[in-house]
Amino acid sequence: MTDIRERTVLFADLRGSTGLFETLGNAEATSVVTHTVGLISKAVDECGGKLVKTLGDGLMAVFEGPRDGIKSATRMHELLERVVARGKQHGASPGLRALRMQVALARGEVVEMSGDCFGDAVNVAARLLDHAGDNETLITAEVLAGLPSNLKARFRSLDLIAVRGRAEPVHVHVLDKPSQGDVAATQFGEVRHATSEPDGMRLIWMDLDRVFDVGHMPIVLGRSVQATYCITDGRVSRSHARIDWHGGTFSLTDLSYNGTFVRFGAAGEILSLRRGSCTLHGSGVIGLGGPPTEALAPAVRFEVLHFADTEPLVGVDSGLTRRG
């Protein structure tokens, strides 16, 4: 029987499971991953959703309303945190202690047929996982619109993001992690409360220190001498990544074979882009061909600039630090 209904679609995916297979072997790692996915799937039933299917190290679920979907996502993160915490307490393998999860939700008309679901919302939610960082939850504007005000306040706009296989970009929002102390720190760095749009972008690699205003967009980072920002390193593709100006924000898109990696802030999580995009906020490091934590990977430091409050910067450990 075929049924078409408005649904909130959720995809969750474990990260770090590959390391489990390397450290534990196939049989034990399969057992751990299956048990962990089964555990987080309980959050679907607890929040009134329907588990559509498990996907090896992930799952897909649908909910009638956005609020239940967000509650389920939050609960999944809590359950995984408990698994990791217990692993640390009992001396579990480093692979288990390194498990992370990414969650993405979209909303729209869904075709329910033979126990499975199809539709644009399904495709968008699945592909948003490519843009989610470790232990992050991303949602579309349609999901946000159905949330009460207190829940909406917990999300921050990442503006329009190009989603693989879709002609139109998607307006994406990220669930902010709880702040500690006076620092509102998330994977995307310090939350800027300035009301003005950014004016430019600063890029630093070795002694190549350049500032670009929005009129210089797009910036192509690559090994080619024709690239806007030329990085002469064998791990860098001729046209490796591109920075665009969209709707008042800077967007970074990976164009390479070896991947582009972004770390926001001085010690944030690392976001892996594989032919995907993310919005650049604050300051951090862009790794070309490898994560910025790898010693041999070219690391380009960046800062989104508001010229009214720009001060000289000095680099410390592949990060950006203000003088003053």
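Here's what I pulled together on the structure shown here. Just so it is clear, the model here is predicted, and its values are computed rather than measured. (Residues numbered from 1 in each chain as written. Predicted model: local features only at pLDDT ≥ 70, side-chain atom pairs only at ≥ 80, totals over all residues. Heavy atoms only, no water.)

Here we look at the pattern of salt bridges
Counting across every chain of the model gives 9 salt bridges. Measuring nitrogen to oxygen at the nearest pair gives 2.9 Å for the salt bridge that ties E46 to R75. Taken as a pair, E46 in helix 2 (residues 26–46) and R75 in helix 3 (residues 66–89) lie far apart in primary sequence, 29 residues in all. Of the residues examined, E46 reaches a relative accessible area of 48% and is grouped as partly exposed. In this structure, R202 and D209 form a salt bridge, with 2.5 Å as the shortest nitrogen-oxygen distance. Taking relative accessible area as the criterion, D209 reaches 39% and is therefore assigned partly exposed. Three or more residues are tied together by salt bridges with common partners; here these are E46, R75 and E78. (Salt bridge = Lys/Arg side-chain N within 4 Å of Asp/Glu carboxyl O. Helix = DSSP H or I, 4+ residues; strand = E, 2+ residues; numbered from the N terminus. Buried < 20%, exposed > 50% of the residue type's maximum accessible area, 1.4 Å probe, protein only.)

Observations regarding helix 2
Along its 21 residues, helix 2 runs 31 Å from first to last C-alpha, staying within 8% of the 30 Å computed at 1.5 Å per residue. Buried within helix 2 are the following residues: A29, V32, V33, T36, V37, L39, I40, S41, A43 and V44. In the stretch just after helix 2, G48 is the one whose phi turns positive, near 80°. (Expected span 1.5 Å × (residues − 1).)

Quick notes on the pairing of strand 3 (residues 58–63)
In terms of residue burial, strand 3 counts as a mostly covered element, since 6 of its 6 residues are buried. Burial along strand 3 is two-sided: G58, M60 and V62 and L59, A61 and F63, pointing in opposite directions, are all buried. In this sheet, strand 3 lies alongside strand 1 (residues 2–15) in antiparallel orientation, the contact comprising 6 bridges. When the sheet's bridge partners are listed, A12 is paired in strand 3 with L59. As paired strands, strand 2 (residues 50–54) and strand 3 are joined by 4 bridges and run antiparallel to one another. Within strand 3, the residue paired with K50 across the bridge is V62. If you look at the hairpin formed by strand 2 and strand 3, you'll find 3 residues sitting between the two strands, and G56 has a positive phi there, around 70°. (Pairing = 2+ DSSP bridges.)

A look at the sheet that holds strand 16 (residues 249–254)
Here we have 5 strands laid out as an open sheet, ordered 14-13-15-16-19, and mixed in their pairing. Sheet topology places strand 14 (229–230) and strand 19 (277–280) at the edges, where each strand pairs with a single neighbour. Where strand 13 (residues 219–222) lies against strand 15 (residues 241–246), 3 bridges are found, and the strand directions are antiparallel. Across the sheet, residue V220 finds its bridge partner in strand 15, namely R242.

Bear in mind that shape data such as this cannot, by itself, settle questions of function.
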